[in-house]
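Examination of the molecular architecture
So you can see what is in the structure, the chains are spelled out below.
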Amino acid sequence: MLRGAFQRSGGLLRSGFGRSSSTLAESMVRAGAVVSVPNDPGALRDLLRSIDRVNLTRIESIPLADDAQQMANIHLEFCAGAEEPVHSTLENLRKSPSAVELTGVPWFPRTQKDLERIEGQTMQFGEELDANHPGFLDKEYRKRRSQIAQADKSYRLGMKIPKVSYVQSENSTWKTIYETMEPLRNKYACNEFLNAFSAMEASGILKADHIPQLQTLDDYLNDRTGWRIRPVSGLVSPRNFLNALAVRVFHSTQYIRHHDQPLYTPEPDICHEVLGHIPMLCDPGFAAFSQEIGLASLGASDDDIQRLARCYWFTVEFGLCKQDGDVKAYGAGVLSSYGEIEHAIMGSEARTLVDWDPMVASQTDYPITEYQPLYFVANNFTEARHKLVDFTSKEIKRPFGTFFNDERNEVSITWQ
């Protein structure tokens, strides 16, 4: 059975076809396919004869869901300097005795290193601001944002995250948010957040008087749950952002909101990331929940990416949970916002609380620049994760399944 993909897109494709022009090496036309061949001597040799006009860049055997003794799944990746040899090779594979079907699958990362292929792909903000941004008319603020964004653009895997020497006004903004949120998080945050936050304070990583460096946070997070932080210069597309979660990578900004409105930001900033997301990712249960959303996004259709993005929004960003008979916050958008946490927790008549249901969440739209009218409440992260896995296994249609191989530190594929 042959499963591959043809796709025109800005990125390269695993189990697919694409071109990138950022460098000479990346401008190569690349393709991938999975072929089921008989588990007999010489079968692999015969298969490889079909790809003599291209450069083989990966060959890997992967498990079959059934017929494991009679057949073997072979994952191939190859490239060439022109499209014709790649098309020809895929056609040859399609005509082979084992070729039964060809299914399009968008490219997705299987390792953290694979994320190099999407570096620099941001959607908005970063250096450029919308006219309604508090810092739009502040030339010095925009210059500062540009400096930080340019430094983050230079980051590559294996490098130290660029250090930002935050100035007094930036640390003052951080301190205002840190101290304003302190009594609210102590009262309304979930236990997992409070435990992680207290540990980070005890270690000296989190302090009210200065913004921590992402590299310090990255080291700390990796020691606890195996996750990594990658700096990003602006908003990342839903597909790229969710895909990164599958390989335990969280994209984080380093710039900070405008000092004139320290308790408001129209987009994620370092305060939102550090005072909301990162402490929660230090909790193994929540980290596993986040990764499940990422794993479900790999190779998903555009429509399914949108459904998963809604699930992410209503949980990781604005999720609530029940603890000790009370409703607590675990979503970063709630935990890092003075107005949102009061609105969500303190019984505002303008909001509705419902039980966590990924099917409903995946079909529900939400406002971005105003308080949420609807919040989903989970009983606990274990149950929330089970509901999510049940939903994705039934509703996210792909010709394969995915799981994270801890020993190899990469995503493994099972073809169905």
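For the structure, check the block above.
What comes next concerns the included structure. None of these values were measured; they are calculated from a predicted model.

**Here we look at the overall build of the protein**
- Assigned secondary structure in the protein consists of 14 helices and 13 strands.
- A buried classification covers 55% of the 416 residues belonging to the protein.
- Expressed as a percentage of contacts within the protein between residues at least 6 apart in sequence, the contacts between residues at least 24 apart total 65%.
- When the accessible surface of the protein is split by element, carbon and sulfur atoms take 49% of a total near 18200 Å².

**Examining the packing of helix 9 (residues 284-297) against helix 10 (residues 302-317)**
- Taken N-terminus to C-terminus, the directions of helix 9 and helix 10 make an angle of 165°; their axes are 9 Å apart at the nearest point. By the angle between their axes, helix 9 is roughly antiparallel relative to helix 10. Crossing geometry of helix 9 relative to helix 10 is assigned as left-handed. Residues F286, F289, S290, I293, A296 and S297 of helix 9 pack against I305, L308, Y312, T315 and V316 of helix 10.
- Grouping the constituent residues of the contact of helix 9 with helix 10 by class yields eight nonpolar, three polar and no charged.

**Things to note about the nonpolar core**
- In terms of nonpolar packing, the biggest core is built from 79 residues, with W174 and W356 touching the most fellow members.
- In terms of residue count, the dominant contributor to this core is helix 10 (eight residues).
- When near neighbours in sequence (up to four residues on either side) are disregarded, W174 contacts L206, K207, A208, H210, I211, P212, I256, I270, C271, V274 and L275.
- Listed in part, the 16 residues of the second largest apolar core include V35, V37, V54 and I74.

**Some thoughts on helix 14 (residues 381-395)**
- The end-to-end C-alpha distance of helix 14, which contains 15 residues, comes to 20 Å, matching closely the 21 Å that a straight helix rising 1.5 Å per residue would cover.
- Among all positions of helix 14, only F381, A384, L388, F391 and T392 are buried. Angularly, the buried residues of helix 14 cover 95° about the axis, an arc narrow enough to put them on a single face. Those residues of helix 14 that are exposed and aimed more than 90 degrees away from the buried face are T382, H386 and S393.
- The inward-facing, buried residues of helix 14 contact helix 5 (191-202), helix 8 (270-281), helix 9, helix 10, helix 13 (358-362) and strand 11 (374-378).
- Residue N380 occupies the N-cap position of helix 14, its side-chain oxygen lying 3.2 Å from the main-chain nitrogen of T382.

**Details of the packing of aromatic side chains**
- Per the stated rule, a full pass over the model turns up 16 aromatic pairs.
- Relative to F381, the ring of F286 lies with its centre 5.5 Å away and its plane at 65°, an arrangement referred to as edge-to-face. Of this pair, F286 sits in helix 9 while F381 sits in helix 14, placing them 95 residues apart in sequence. One exposure class covers both F286 and F381, and it is buried.
- Members of the aromatic cluster, joined through ring pairs, are F286, F289, W313, F314, F318, Y330, W356, Y366, F376 and F381.
- Over the ring of Y255 we find R145, and its NZ or CZ is 3.8 Å from the ring centre.
- It is R224 that lies over the ring of Y220; its NZ or CZ is 3.4 Å from the centre.

**Digging into the side chain of Q215**
- Along the chain, the position of Q215 falls in helix 6 (residues 214-225).
- Those residues within four positions of Q215 in sequence are excluded, and the remaining contacts are M159, K160 and I161.

**A few points about the pattern of salt bridges**
- Applying the stated rule across the entire model yields 18 salt bridges.
- D269 is the salt-bridge partner of R257, the closest N and O atoms lying 2.8 Å from each other. Here D269 lies in the loop between strand 7 (249-252) and helix 8 and R257 lies in the loop between strand 7 and helix 8, a separation of 12 residues in the sequence. Side by side, R257 and D269 carry an identical accessibility label, which is buried.

Calculation notes
Residues numbered from 1 in each chain as written. Predicted model: local features only at pLDDT ≥ 70, side-chain atom pairs only at ≥ 80, totals over all residues. Heavy atoms only, no water. Helix = DSSP H or I, 4+ residues; strand = E, 2+ residues; numbered from the N terminus. Buried < 20%, exposed > 50% of the residue type's maximum accessible area, 1.4 Å probe, protein only. Contact = heavy atoms within 4.5 Å. Areas by Shrake-Rupley, 256 points an atom, 1.4 Å probe, with all protein chains shown as cover. Axes fitted to C-alpha atoms, helices over the stretch in contact; angles between N-to-C directions. Parallel < 35°, antiparallel > 145°, perpendicular 65-115°, else oblique. Left-handed = near helix turned anticlockwise from the far one by under 90°. Nonpolar A, V, L, I, M, F, W, Y, C, P; charged D, E, K, R; others polar. Core = buried A, V, L, I, M, F, W, Y, C linked by side-chain atoms within 4.5 Å. Expected span 1.5 Å × (residues − 1). Arc of directions from axis to C-beta. Polar contact = N/O pair within 3.5 Å; in protein donor to acceptor, adjacent residues only side chain to side chain. Phe/Tyr/Trp six-rings, centres within 6.5 Å; stacked < 30°, edge-to-face > 60°. Lys NZ or Arg CZ within 6 Å of the ring centre and 35° of its normal. Salt bridge = Lys/Arg side-chain N within 4 Å of Asp/Glu carboxyl O.

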